Amino acid sequence: MRKSIIIGNWKMNKLSKEAIDFVKAVDGNLHDGADFGIAPTYTALAAAREHASNLIVAAQNVHYQPSGAYTGEISIEMLKELNVEWVILGHSERRQYFNETDAEINKKVKACLEHGLTPIVCVGELLEEFEAGKTEEVVRRQVHDCLVGVEGNVQSIVVAYEPVWAIGTGKSATVEIAQNTCALVRDELKKVFNEEVAEAIRIQYGGSVKPSNIKEYMAQPDIDGALIGGASLKVDSFLEIVEAVK
Ligand code: 13P
């Protein structure tokens, strides 16, 4: 039985003080029906981590090298120094604006598992790929190329399917599209790993998830949670989501 997992990806939002206020308001109002977490910016991670007892605190990126001449980058050890044990990898905004490739994401996933950090690996097709009927091809390729050769506690990996056309647009994928694509993510996980691992890995849907639609997604057999942008930024809306998945 897979436990649901709901993560708020805050992207480039919130100062440390705002993160602390949020954590104080939310951390004591969760329940055991799902894992809940937030992914603040690097500069707010320490503050969020310090105040969170129940919320997972995730970074939004990490480098795969342990140290060295990589100006502007953050290592796994640096996150672990803050007691941050989760990280989002390969978000479409990192792929689109910072040219992150599946090959780099693959190196990051390997480094994370090697050093005890749990990755949330994002995949998802662009609008033109969706319109050209290439969703399956793109998503299978991304899952394969990001995860091939990964060893260790692979069951702990979370995969987030986020169709790029549904992110921040208010145009969420239909429940049918989300379920079908998450099912093929799971099928590809079977090929990359094996059936047992594929059944254990949690798959999230992301893209314009909000309190009013999260229940429908979570009712689907292959959707085990959500990666949420906009609707995760406000305490009220986050707590409505917490309530909705009770
Ligand atoms: P929105 O929920 O704002 O569409 O963002 C989704 C997302 O990119 C989460 O990682």
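Computed from a predicted model, the values in this text were never measured in an experiment. (Residues numbered from 1 in each chain as written. Predicted model: local features only at pLDDT ≥ 70, side-chain atom pairs only at ≥ 80, totals over all residues. Heavy atoms only, no water.)

Engineer: Just give me the short version of the side chain of Glu-100, but keep the residues and values in it.
Structural biologist: Within the element layout of this structure, Glu-100 appears in the loop between helix H4 (92–98) and helix H5 (102–114). Classification of Glu-100 by relative accessible area gives buried; the value is 8%. If we ignore the near neighbours within four places in the chain, the residues touching Glu-100 are Asn-61, Gly-90, Arg-94, Arg-95, Ile-105 and Lys-108. (Helix = DSSP H or I, 4+ residues; strand = E, 2+ residues; numbered from the N terminus. Buried < 20%, exposed > 50% of the residue type's maximum accessible area, 1.4 Å probe, protein only. Contact = heavy atoms within 4.5 Å.)

Engineer: Run through the packing of aromatic side chains, naming residues and quoting values.
Structural biologist: Inspection of the entire model under this criterion finds five aromatic pairs. With a centroid separation of 6.4 Å and 55° between ring planes, the pair formed by Tyr-161 and Tyr-205 is classed as tilted. Here the residue Tyr-161 occupies a position in strand S6 (residues 158–161), and Tyr-205 occupies one in strand S7 (residues 202–206), the gap between them amounting to 44 residues. The class of Tyr-161 is buried, set by a relative accessible area of 0%. For Tyr-205, a relative accessible area of 0% translates into the label buried. Taking the ring centre of Trp-10 as reference, the NZ or CZ of Lys-14 above it sits at 5.1 Å. Taking NZ or CZ as reference, Arg-94 lies 4.4 Å from the ring centre of Phe-98, over its face. (Phe/Tyr/Trp six-rings, centres within 6.5 Å; stacked < 30°, edge-to-face > 60°. Lys NZ or Arg CZ within 6 Å of the ring centre and 35° of its normal.)

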